[in-house]
Amino acid sequence: MGETTVKSLEGRTATPSPMTDEVAETPHVRRTRLQTLRSPRRPRIWFEVLLIAVSYWTYSLIRNAVPEQKTQALHNADWIWRVEQTLGIAVEQSVNHAVNSVTWLIVSMNYYYATLHFIVTIGVLVWLYRWHPGRYAAARLALFATTGVALVGYYLYPLAPPRLMSNQDFVDTVLVHHTWGSMASGNLKNMSNQYAAMPSMHIGWSLWCGLIICAVASAPWARILGLLYPTATLVVIVATANHFWLDAVGGMICLAFGFALSYVWFGAAPHRLPRQPESGSRKSLLPARV
């Protein structure tokens, strides 16, 4: 016979298809590819530096591009203040005046507010990158997600800090003591959105640092410092009249979202992941031929 055919069980005929070198992407392969993306892998220094720089630049650009709705921001500040008075937690003014009376202490807090949220956050990222690379990506995702959702808060809920309330006796400690370095007051205030106090990323970032240090560090003294850092930051943001207590609650909610997203993506909290990336996370996704 000149042409061979293959009979199927139903009586149909079919000609065999030629063999190709291409392997179809099966659902199993797609699942494996997604699992690979979700698997911790060793971070690359050039990529991380670029990612952090671009992300912070984007965060600052968007945050400062949010319209400064002064009237609404002051109205919201009055509402927050009334709520705190109703709850019996409106002690920001007393803390602000008490700390402001001790010059060396309030000046130190001003510098703390202006610098440490950068220094410590970057320091923790470097520490994770160097000594806990398997946990780095999950922790970094939690931090970035926290910051991202905070931008939504700045846009939807403009809020003036206590120091800008016109009908309350709060002290703008940076302005009074001529402290260098803060973009919240003085000559640099026009470079930063003054009405983006909710949520407080000083609390969001410092609590991220504290929780990561406390969960991952092995030295007891490091864990203690991890717990003290966000606690001290909370006192500082209130004493300098840059935030209400409830701004800190907003920062905590954003952080909870960040950790939840990281957990969903990686399937575990950062400290539950292996310290070193699992070997074989970059294996071929194509099934072996038989």
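These numbers were taken from a predicted model, which means no experiment stands behind them.

Would you mind going over unusual backbone geometry with me for this structure?
Where the residue is not glycine, phi is negative for most of them; where a peptide bond is considered, it is trans in most cases. Along the chain, Met-198 connects to Pro-199 via a cis peptide bond; the corresponding omega equals 0°. Within the secondary structure layout, Pro-199 lies in the loop between helix H7 (173-177) and helix H8 (201-216). Residues other than glycine seldom take positive phi values, yet His-178 does so here, at roughly 55°. Structurally, His-178 can be placed in the loop between H7 and H8. Here Ala-241, not a glycine, exhibits a phi torsion of approximately 60°, which is positive. Tracing the chain through its elements places Ala-241 in the loop between helix H9 (220-239) and helix H10 (245-266).

Before we go on, may I ask you to explain H9 in this structure?
An α-helical turn contains 3.6 residues, so a residue and the one three or four places further along point in the same direction. A rise of 1.5 Å per residue sets the reference length of H9, with its 20 residues, at 28 Å; its end C-alpha atoms lie 29 Å apart and thus fit the reference within 8%. Those residues of H9 not exposed but buried are Ala-222, Gly-226, Tyr-229, Pro-230, Thr-233, Val-236, Ile-237, Val-238 and Ala-239. Positioned one or two residues after H9, Ala-241 has a phi angle of 60°, which is positive.

It is not clear to me how the side chain of Ser-200 should be interpreted in this structure. Could you clarify?
Counting through the fold element by element, Ser-200 comes out in the loop between H7 and H8. A polar contact is formed between the side chain of Ser-200 and the backbone nitrogen of His-202, at a distance of 3.5 Å. If sequence neighbours within four positions are ignored, Ser-200 has contacts with Ile-237, His-243, Asp-247, Ala-248 and Gly-251.

Please clarify how the confidence of the model for the protein chain should be interpreted in this entry.
Low pLDDT marks regions whose predicted coordinates should not be analysed in detail. For the protein chain, per-residue confidence averages 83 on the pLDDT scale, and residues scoring 70 or more make up 77% of the total. A low-confidence stretch, residues 280-290 stays under pLDDT 50, and its non-local contacts, those more than four residues away or across chains, total 14 contacts.

The rules behind each value
Residues numbered from 1 in each chain as written. Predicted model: local features only at pLDDT ≥ 70, side-chain atom pairs only at ≥ 80, totals over all residues. Heavy atoms only, no water. Helix = DSSP H or I, 4+ residues; strand = E, 2+ residues; numbered from the N terminus. Expected span 1.5 Å × (residues − 1). Buried < 20%, exposed > 50% of the residue type's maximum accessible area, 1.4 Å probe, protein only. Polar contact = N/O pair within 3.5 Å; in protein donor to acceptor, adjacent residues only side chain to side chain. Contact = heavy atoms within 4.5 Å. pLDDT = per-residue confidence, 0-100.

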